[in-house]
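Architecture and fold: a report
The primary structure of each chain is shown beneath.
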Amino acid sequence: MQKVLSRISQLSCFQSACLCERTSLAQQQIKRKDNQFVVFSSGQVMEFAELIKTPRVDGVVLHRPFMPTVEGTLCLTGHHLILSSRQDNTEELWLLHSNIDSIEKRFVGSLGSIIVKCKDLRVIQLDIPGMEECLNIASSIEALSTLDLLSLMYPFFYRPMFEVIEDGWNSFLPEDAFKDLESMTDEWRLSEVNKDFSVCPSYPPLVAVPKYVDDDTLRKAATFRHGGRFPVLSYYHKKNGMVMMRAGQPLTGTNGRRCKEDEKLINATLRPGKRGYIIDTRTINVAQQAKARGGGFESEANYPQWRRIHKAIERSNILQESLIKLVEACNDQSHSMDRWLSKLEASNWQTHVKEILTTACLAAQCIDREGASVLVHGTEGTDSTLQVTSLAQIILDPACRTIRGFQGLVEREWLQAGHPFQQRCAQSAYSNSKPRQEAPSFLLFLDCVWQILRQFPCSFEFSEGFLVLVFEHAYASQFGTFLGNSTAERTKLSLPEKTVSLWSWVNRPQELERLTNPLYEANSLVIWPSVAPQSLLLWEGVFLRWNRSSKCLDEAYEEMVHIIAYNKELQNKVNSLRRQLAQLETEDPLLQTP
């Protein structure tokens, strides 16, 4: 261990930045950047070197909730904060700088403490001997955790220590998803109208559209929708052939502008004699106000076959404030029941969960029970729209409730659909800087999925742990899956060639076994979650994970797994005995049961 630490202190700061992800300092050989890593311009090398003022400090004490304190050596690399101890049976700390939301400094005499608040909502404390060392470490962490240049992010340096059996970048391509659609219907086609991202910068190169709507019509319709987000297929309901589409708001403005190509496009999804529903995720007042800024909504006169329904889902800045208030409530140590409940209610987080789930249930009901097609949009079509379309598919489609199906859903309805992850997940609940475009839209979606999972614990192949894992990697990761704001940005950055996909790691047999729900029994039915206030709970697995010991829950889970395994063993014995009895009865008629 001492040799490895000595080697780290001798490396240049930039070489330290290029360390691979590893599970133990003592087990890995540190490699130079020259033969494995991206080489930046000299200016960028100097920038990295200048950021790390003190690369190593001995005698640092780490405090973590419900874990013993650890004393060891703190090392800063270009991408990690590492604390390693010579104590036996102690877990090392490997913390990505990109996971750090904010830090606080405290001093008592010559002893300094740094409170590190992370995007995954954990809070740790580092006691550092020496005021100068503490100030240098704090300054370095602040600089390294706020790098804006994507090409300096850790996924570009990470080299997997596992065998990549399946390349996750190629696992959920639009053309493969379209093959599944083709097996059910011939009414749609895969258009390349956006192959150079010029029609809609936030759409992928390939989109599914009605078969008899040509690309010129799509281009004209795109000029009538916010951000060029013309209506595209989101989901096809095999049971009755109804569809769900998504788009940006129409740009009707105060003059009531119309676009016949847009009308033709969405009317092409309707069956003869059928009406459709437009679910607008804004209140009617917000939609009316959007007209003054060039936006608006579909008028009944121009879309007579469509009924418009307004559902209120809050905008980004409101949701970010809600998350901050919720986490503050969960960290409240006053132990006052009234104070806790008051803060929880004031955050309005559960209200947002209820609004989103209610709207998703409405969309699913229109498709499955009303036998009508649906178009969903809000303003941009990249946040609340995607929450509704993806949750509606969780409700309607059993495939989306499998591990692989859920990965495909996240790819189609979030990553390829243009949710700006880089902007939305730039800050979590602890950041001291003023929110810009940050919002927990994706976390709210995962919370809603957890609510449904809790109500239907046997209908999901994946466990709660899988949802928590996806949440963590959306905010900070060694994988490139959630980098960038759109497919266009990921293509420009060459992410599939230069980084590893999260799905490459998840889809390994040992990880799949760990993330599988032991209660799972395939359910081909539509599931209808309750949105009654008493049915919606606080997601303790995320918001209270670092505030209480998980020992009892872990022990209960292990016991449940043991009982399920024992039950399967007994069931196999029963089936075997029944087969033996049936065999004996066929051989000796006298043994036949009356």
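Residues numbered from 1 in each chain as written. Predicted model: local features only at pLDDT ≥ 70, side-chain atom pairs only at ≥ 80, totals over all residues. Heavy atoms only, no water.

Applied cut-off: UniProt positions are given in the numbering used here, feature names are shortened, and annotations may be inferred rather than shown by experiment.
Labelled according to an unreviewed UniProt entry, the protein appears under the name Myotubularin-related protein 9, originating from Perca fluviatilis. In its Sequence similarities (unreviewed entry) section, the UniProt record describing the protein reads: "Belongs to the protein-tyrosine phosphatase family. Non-receptor class myotubularin subfamily."

Quick word on the environment of Thr217
Using the following cut-off: The secondary structure listing takes helices from DSSP runs of H or I that are at least 4 residues long and strands from runs of E that are at least 2 residues long, numbered from the N terminus. Contact criterion: two residues are considered in contact whenever any of their non-hydrogen atoms come within 4.5 Å of each other.
Locating Thr217 in the fold gives a position in helix α6 (residues 215–222). Considered as a pair, Thr217 and Glu380 are 163 residues apart in the sequence and their alpha carbons are 21 Å apart. In this view, Thr217 contacts Glu261 and Lys264; residues no more than four positions away in its chain are not counted.

Points about the nonpolar core
Heads up, the rule is: Working definition of a nonpolar core: buried Ala, Val, Leu, Ile, Met, Phe, Trp, Tyr and Cys residues. They are joined through side-chain atoms within 4.5 Å. Buried, partly exposed and exposed residues are distinguished by accessible area as a fraction of the type maximum, computed with a 1.4 Å probe on protein chains only: under 20%, between the cut-offs, and over 50%, respectively.
Grouped together as the largest cluster of nonpolar side chains are 95 residues, with contacts concentrated most on Phe406, Phe442 and Phe543. If we skip the residues at most four places from it in the chain, Phe406 touches Ile394, Ala399, Cys400, Phe445, Leu446, Val449, Phe462, Phe466 and Leu467.

Some points on the packing of aromatic side chains
What counts is decided by this rule: The rule is short: rings of Phe, Tyr and Trp, with Trp giving its six-membered ring, pair when the centres are within 6.5 Å, and they are stacked under 30 degrees, edge-to-face over 60, tilted in between.
Going through the model one piece at a time under the given rule, you end up with 18 aromatic pairs. Summarising the aromatic geometry, the rings of Trp414 and Phe442 are spaced 5.2 Å apart at their centres and angled 75 degrees between planes, so their arrangement reads as edge-to-face. Pair noted here: Trp414 is in helix α13 (residues 403–415) and Phe442 is in helix α15 (residues 441–455), with a separation of 28 residues, a long-range link. Each member of the pair, Trp414 as well as Phe442, is classed as buried. Seen in terms of ring centroids, Phe442 and Phe445 are 5.8 Å apart; in terms of plane orientation they differ by 35 degrees. Their pairing is tilted. Here Phe442 and its partner Phe445 are both found in helix α15, three residues apart, which amounts to about one turn of the helix.

Points about a nonpolar patch on the surface
Counted only if it meets this: Candidate patch residues must exceed 30% relative accessible area and have no salt bridge, after which like charges are joined if within 9 Å and Val, Leu, Ile, Met, Phe, Trp or Tyr side chains if within 5 Å. The Shrake-Rupley method, run with a 1.4 Å probe sphere, supplies the accessible areas, and residue values consider only the shown protein chains as cover. Salt-bridge detection follows one rule: a side-chain nitrogen of Lys or Arg within 4 Å of a carboxyl oxygen of Asp or Glu.
There is a patch of nonpolar side chains on the surface, built from Phe107, Met131 and Leu135 and spanning about 250 Å² of accessible area. For Met131, the position within the fold is in helix α4 (residues 131–144). A residue is classified by how much of its surface remains accessible, and Met131, at 40% relative accessible area, is partly exposed.

Here's the deal with helix α12 (residues 384–396)
Note the cut-off: The span expected for a helix works out to 1.5 Å for each residue beyond the first.
Taking 1.5 Å of rise per residue, the 13 residues of α12 would be expected to cover 18 Å, and the 18 Å separating its terminal C-alpha atoms lies within 8% of that figure. Within α12, 13 of the 13 residues are buried, which leaves it mostly tucked inside the rest of the structure.

Some points on the sheet that holds strand β10 (residues 232–236)
Rules: Here, any two strands with at least 2 DSSP bridges between them count as paired. The axes are straight lines fitted to the C-alpha atoms, using for helices just the contacting stretch, and the angles between their N-to-C directions are given from 0 to 180°.
Read across the open sheet, the five strands follow the order β10-β11-β14-β12-β13; overall the sheet is mixed. The open sheet has two free edges, formed respectively by β10 and β13 (306–310), since each of these has just one partner strand. Each strand axis lies, on average, 25 degrees off the axis of its neighbour in the sheet, ignoring direction. Both β10 and strand β11 (residues 243–246) contribute to a ladder of four bridges, which runs antiparallel. Bridging across to β11, Tyr235 finds its partner in Met244.

So, the domain arrangement of the protein
One frequent convention defines the size of an interface as the accessible area lost when the parts assemble. Spelled out, the test is: Each domain span listed reflects an automatic or database assignment of domains. Throughout, buried area stands for the accessible area (probe radius 1.4 Å) lost by two parts on being put together, summed over both. The residue classification treats Ala, Val, Leu, Ile, Met, Phe, Trp, Tyr, Cys and Pro as nonpolar and Asp, Glu, Lys and Arg as charged. All others, Gly included, are polar.
Domain boundaries assigned for the protein yield domain 1 (44–147) and domain 2 (176–550). Distance between the C-alpha centres of domain 1 and domain 2: 36 Å. The interface is formed by 15 residues belonging to domain 1 together with 22 residues belonging to domain 2. Taking both sides of the interface into account, the surface hidden between domain 1 and domain 2 amounts to around 1400 Å²; carbon and sulfur atoms contribute 63%. On the domain 1 side of the interface with domain 2, the three residues burying the most area are Asp101, Lys119 and Leu121, jointly 44% of the side's total. Our count for the contact surface shared by domain 1 and domain 2 stands at zero salt bridges. Where the side of domain 1 that touches domain 2 is concerned, the elements lending two or more residues are β5 (100–108) and β6 (111–118). Ranked by residue count, the leading element in the side of domain 1 that touches domain 2 is β5, at three residues. Each residue belonging to the side of domain 1 that touches domain 2 can be placed in one class, and the counts come to seven nonpolar, three polar and five charged.

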